[in-house]
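Structural overview for review
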Amino acid sequence: MKLDEGLIKELNLNPNEEREPINVMRMSELLAFIKESAERIVSKSNLFFTTESADIQADCLDIVAVRLNDFVQAFIDVIIFLRKEEGTYNGKSKSLRYCISGYDTLFSDQTSLEKQFLGELLLRNEITHDYFNREIHQQKLIALMQNCAEGSLDVYKQLSTYIKESNLLEKYVNKSEKH
């Protein structure tokens, strides 16, 4: 059986054109992404501890792990951008540890949950890169969810206030920019 060419065109079955990834985002959009990730970390952490369903708990763990990764990626980009803006970026390091240290330098007035959350943020690297010890990392993730998930919102609030006061909301973060 032969298909009618007009039908194929009408259904638009041809694959989409390949597009280059976009590596530029306005700071306001990046902040919105961090906020959304933080809110999901908090809401799914709360749900994890209020439900009896093992399936829902497993989903919450998965969602928090993914959103923690999203949070970290955006956090790194924001901190490196801010360090470049103030002229203190070393031009080399993009590590999470470097960015946490940079955050500590920028914000000495952290809440206890904020400090605790930042201290546990390195768990993201373990979850992402060390699947051999998945059980241990899940227990640490549950502890983060129970003890300091709300600290992610504190981090967002600090960054948001600083960026607004510094008039950087409309600036663009270019992930592919040379250092």
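See the structure above.
Worth saying up front: this structure is predicted, and the values here are computed from it rather than measured.

As a further point, take helix α5 (residues 112-120). Burial in α5 covers these residues: Glu114, Phe117 and Leu118. For α5, the angular spread of the buried residues around the axis is 100°, confining them to a single face. Exposed residues lying more than 90 degrees from the buried face of α5 are Ser112 and Gly119. Where α5 is buried, its residues meet α3 (54-86), α4 (96-106), α7 (134-147) and α8 (151-165).

When glycine is set aside, most residues are seen to have a negative phi, and most peptide bonds are trans. One non-glycine residue, asparagine 167, lies in positive phi territory at about 55°. Along the polypeptide, asparagine 167 turns up in the loop between α8 and β2 (172-174).

Glancing now at the pattern of salt bridges. This structure, assessed with the given rule, holds 6 salt bridges. Between lysine 171 and glutamate 85 there is a salt bridge, with the nearest N and O atoms lying 4.0 Å from each other. Taken together, the residues span a long stretch of sequence, with lysine 171 in the loop between α8 and β2 and glutamate 85 in helix α3 at a distance of 86 residues. On the basis of relative accessibility, which here comes to 40%, the residue glutamate 85 falls in the partly exposed class.

On to the nonpolar core, then. Generally speaking, a soluble globular protein has its nonpolar side chains buried in company with each other. In this structure, Phe71, Phe75, Leu121 and Leu159 are the most contacted members of the largest nonpolar core, which totals 47 residues. Examining the composition of this core, we find that 14 residues originate from one element, α3, more than from any other. Not counting chain neighbours up to four residues away, the residues in contact with leucine 159 comprise Leu31, Ile34, Phe75, Val78, Ile79, Leu82, Tyr103 and Phe107.

Further remarks concern the environment of leucine 141. Position of leucine 141 among the secondary structure elements: in helix α7. Here the alpha-carbon distance between leucine 141 and arginine 124, two residues 17 residues apart in the chain, equals 8.8 Å. Residues contacting leucine 141, with those up to four places away along its chain left out, are Leu61, Val64, Ala65, Leu68, Leu123 and Ile127.

In this structure, the second largest pocket occupies an estimated 190 Å³ of space. Those elements that provide at least two residues to the lining of the second largest pocket are β1 (24-26), α2 (27-50) and α3. Per-element tally for the lining of the second largest pocket: the top contributor is α3, with 3 residues. Split into classes, the residues belonging to the lining of the second largest pocket amount to 7 nonpolar, 2 polar and 2 charged.

Further remarks concern the packing of aromatic side chains. Inspection of every chain in the model, using the stated rule, returns 8 aromatic pairs. Arranged with centres 5.5 Å apart and planes meeting at 85°, the rings of phenylalanine 107 and tyrosine 162 form a pair that is edge-to-face. Separated by 55 residues along the polypeptide, phenylalanine 107 in the loop between α4 and α5 and tyrosine 162 in helix α8 bring together distant segments of the chain. Site record: aromatic cluster; members linked through ring pairs are Phe71, Phe75, Tyr103, Phe107, Phe117 and Tyr162.

Position of valine 24 among the secondary structure elements: in strand β1. With 152 residues separating them in the primary sequence, valine 24 and serine 176 have C-alpha atoms 7.8 Å apart. Excluding its chain neighbours within four sequence positions, the residues that come into contact with valine 24 are Tyr172, Val173 and Asn174.

Conventions and cut-offs
Here, residues in each chain are numbered from 1, in the same order as that chain's written sequence. Totals for whole chains, interfaces and linings use all residues, but because this is a predicted model, local features are given only for residues with pLDDT of at least 70 and pairs of side-chain atoms are given and counted only at 80 or more. The side-chain numbers reported here are obtained from all heavy atoms of the structure, hydrogens and water having been left aside. Note on classification: 1.4 Å probe, protein chains only; a residue is buried when its accessible area is under 20% of the maximum for its type, exposed when over 50%, partly exposed between these limits. For helices the rule is a DSSP run of H or I covering at least 4 residues; for strands it is a run of E covering at least 2, with both sets numbered from the N terminus onward. Taking the helix axis as origin, the arc is that swept by the directions to the C-beta atoms. Working rule for contacts: check all heavy atoms of both residues, and any pair within 4.5 Å makes them a contact. What counts as a salt bridge is simple: a side-chain nitrogen of Lys or Arg found within 4 Å of a carboxyl oxygen of Asp or Glu. In this description, a nonpolar core means a group of buried Ala, Val, Leu, Ile, Met, Phe, Trp, Tyr and Cys residues linked to one another through side-chain atoms lying within 4.5 Å. Using protein atoms alone on a 1 Å grid, points that fit a 1.4 Å probe yet trap it form a cavity, whereas open point sets bounded by protein on both sides within 12 Å along at least five of seven lines form a pocket; residues with an atom within 4 Å of a point count as lining. Grid points are joined across faces, edges and corners, and a volume is the space filled by probe spheres set on the points. Residues were grouped as follows: Ala, Val, Leu, Ile, Met, Phe, Trp, Tyr, Cys and Pro as nonpolar; Asp, Glu, Lys and Arg as charged; and all remaining residues, including Gly, as polar. Each pair of aromatic rings taken from Phe, Tyr and Trp, with Trp reduced to its six-membered ring, is defined by centres within 6.5 Å and is described as stacked if the planes are under 30 degrees apart, edge-to-face if over 60, and tilted in the remaining cases.

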